[in-house]
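# Overview (structure and organization)
The residues making up each chain are set out below.
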Amino acid sequence: MDLRIFTEPQQGATYDTLLTVAKATEDLGFDAFFRSDHYLRMGSADGLPGPTDAWITLAGLARETKRIRLGTLMTAGTFRLPGVLAIQVAQVDQMSGGRVELGLGAGWFEEEHKAYGIPFPKEKFARLEEQLAIVTGLWATEVGQTFSHHGTHYDLTDSPALPKPAQAKVPVLIGGHGATRTPRLAALYADEFNMPFASIEDSERQFGRVRTAAEEAGRRGSDLTYSNALVACVGKDADEVSRRAAAIGRDVEELKANGLAGSPAEVVDRIGRYAEIGSQRLYLQILDLDDLDHLDLISSQVMSQLS
């Protein structure tokens, strides 16, 4: 079971804070550092000092880290034209020496689009499908050849399809709860399917749908990696769990029901239950980015029991 650190910087974080967390992620042995792609805080957080751009952040971290994978859960398809996104991701992959992964979603948070003047189209899923075809198609085009796409939402003619990523293939992540279109899209384009903030039962059902869709598309269900994203709140004892839950404005029992919360032993047991239904990788949503002791505890007393 791979453990990855997943952050939500729109809730309030500077680049320096993210760099500190990414370096701790690397030093403590975690597999990857991922971040959300949002421009507006959610809930009661003040969001200070303001948003950071996902791909600018990852470009900086690409030069400041050496081992960990870097990526997004999920890049909002509404924020970037697919041709430009292909260039950005390829460049950051080169800057990192081939450690980038692209999570790409349709975009859903209408308020942040209004706040920063970003168009919020009514039909987003069909756009996402074209975006995936374009981004992956640009990367797959051989050097010296051109790429064209004439779709409903995007039109590319004789693109040189450059630059190329450092990796032969940048892993593409697709995720979500949709019962029909999401599994089909994952079967066509994804290297990894991610189920965000879902129960064990719902995850098992959705993983099954994705495996079936993959087989219908001519792939093996096992060709994809299956993962979950879950909020983490781990403590040496009940008091520490309560303190960490209070720091992120959450209730301990709710966190235990819907995330990875409790003592290291409780969290290891919970992770084992996700593993039993086929989850191979967990993205631990860390909401208090100043609490590096939390990462240390997870590394030393949770991750150490999973190897």
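Keep in mind the model is a prediction, meaning the values are calculated, not measured. (Residues numbered from 1 in each chain as written. Predicted model: local features only at pLDDT ≥ 70, side-chain atom pairs only at ≥ 80, totals over all residues. Heavy atoms only, no water.)

Below, the discussion takes up the overall build of the protein. When helices and strands are counted, the protein shows 11 helices and 12 strands. Taking 307 residues into account, the globule formula puts the C-alpha radius of gyration at 19 Å, and the protein, at 19 Å, falls close to it. A principal-axis box enclosing the C-alpha atoms of the protein has dimensions of 60 × 45 × 35 Å. Here the protein holds 307 residues, and 53% of them are scored as buried. For the protein, restricting intrachain contacts to residue pairs at least 6 apart in sequence, the fraction spanning at least 24 positions comes to 73%. The centroid of the 31 positive side-chain charges in the protein is displaced by 3 Å from the centroid of its 43 negative side-chain charges. (Helix = DSSP H or I, 4+ residues; strand = E, 2+ residues; numbered from the N terminus. Rg over C-alpha atoms; globule rule 2.2 N^0.38 Å. Buried < 20%, exposed > 50% of the residue type's maximum accessible area, 1.4 Å probe, protein only. Contact = heavy atoms within 4.5 Å. Lys, Arg positive; Asp, Glu negative; His and termini not counted. Charge placed at Lys NZ, Arg CZ, Asp CG, Glu CD.)

Quick look at the environment of G137 now. Relative to the helices and strands, G137 is located in helix α5 (residues 125–140). For G137 and F147, which are 10 residues apart along the polypeptide, the C-alpha to C-alpha distance reads 7.2 Å.

Attention now goes to the pattern of salt bridges. Across all of its chains, the model carries 19 salt bridges by this definition. Its salt-bridge partner being R69, residue E101 comes within 2.8 Å of it at the nearest N-O pair. Here E101, found in strand β5 (residues 100–105), pairs with R69, found in strand β3 (residues 69–72); they are 32 residues apart in sequence, far enough to count as distant. Classification of E101 as buried rests on a relative accessible area of 4%. Residues joined in a network through salt bridges with shared partners are K236, E240, R243, R244 and D291. (Salt bridge = Lys/Arg side-chain N within 4 Å of Asp/Glu carboxyl O.)

All right, on to the environment of G218 then. By the element assignment, G218 lies in the loop between α7 (200–216) and β10 (225–234). As for G218 and R273, which are separated by 55 residues in sequence, their C-alpha atoms are 29 Å apart.

All right, on to the side chain of E130 then. The residue E130 is located in helix α5 in this model. For the buried E130, no salt bridge exists, and the shortest N-O distance to an oppositely charged side chain is 7.9 Å, to R127.

Right, let's get into the nonpolar core. Counting 73 residues, the largest nonpolar core has L3, W55, L102, W139, L284 and I298 as the members making the most contacts within it. Beyond its immediate stretch of four places on either side in the chain, I298 contacts L3, F30, A232, V234, L284, I286 and M303. (Core = buried A, V, L, I, M, F, W, Y, C linked by side-chain atoms within 4.5 Å.)

Below, the discussion takes up the packing of aromatic side chains. Under the counting rule described, the total for this entry stands at six aromatic pairs. For the ring pair F34 and Y283, a centre distance of 5.0 Å and an interplane angle of 70 degrees mean the geometry is edge-to-face. Placement of F34 in strand β2 (residues 32–35) and of Y283 in strand β12 (residues 281–286) is noted, with a sequence separation of 249 residues between them. Given the relative accessible area of 0%, Y283 is considered buried. Here the aromatic cluster, defined as three or more aromatic residues joined through ring pairs, consists of Y39, F79 and Y116. Above the ring of F125, the side-chain terminus of R181 is found at 4.2 Å from the ring centroid. Between R211 and the ring centre of Y226, over which it is positioned, the NZ or CZ distance is 4.4 Å. (Phe/Tyr/Trp six-rings, centres within 6.5 Å; stacked < 30°, edge-to-face > 60°. Lys NZ or Arg CZ within 6 Å of the ring centre and 35° of its normal.)

Attention now moves to the pairing of strand β1 (residues 2–7). Burial within β1 is extensive, with five of its six residues counted as buried. Here β1 runs beside β12; their pairing, made up of six bridges, is parallel. If you follow R4 over to β12, its bridge partner there is Y283. For the segment spanning β1, helix α1 (residues 15–27) and β2, crossover handedness is right-handed. (Pairing = 2+ DSSP bridges. Right-handed = clockwise from strand over helix to strand, strands pointing away.)

A few words on the packing of α7 against helix α10 (residues 264–276). Two elements in contact, α7 and α10, have axes whose closest approach is 9 Å; the angle formed by their N-to-C orientations is 25 degrees. By the angle between their directions, the pair α7 and α10 is classed as roughly parallel. Between α7 and α10 lies a crossing of right-handed hand. Counting all contacts with α7, which are made through I200, E201 and S203, the residues of α10 involved are R270, R273 and Y274. In terms of residue class, the contact of α7 with α10 is built from two nonpolar, one polar and three charged. (Axes fitted to C-alpha atoms, helices over the stretch in contact; angles between N-to-C directions. Parallel < 35°, antiparallel > 145°, perpendicular 65-115°, else oblique. Left-handed = near helix turned anticlockwise from the far one by under 90°. Nonpolar A, V, L, I, M, F, W, Y, C, P; charged D, E, K, R; others polar.)

In the contact formed by helix α2 (residues 54–64) and helix α3 (residues 82–96), the axes pass within 8 Å of each other and the chain directions differ by 15 degrees. As far as their axial angle goes, α3 and α2 are roughly parallel. Like other packed secondary-structure pairs, α2 and α3 cross with a definite hand, here left-handed. Seen from α2, the contacting residues are W55, L58, A59, A62 and R63; seen from α3, they are L85, V89, V92, M95 and S96. For the contact of α2 with α3, a count of residues per class yields eight nonpolar, one polar and one charged.

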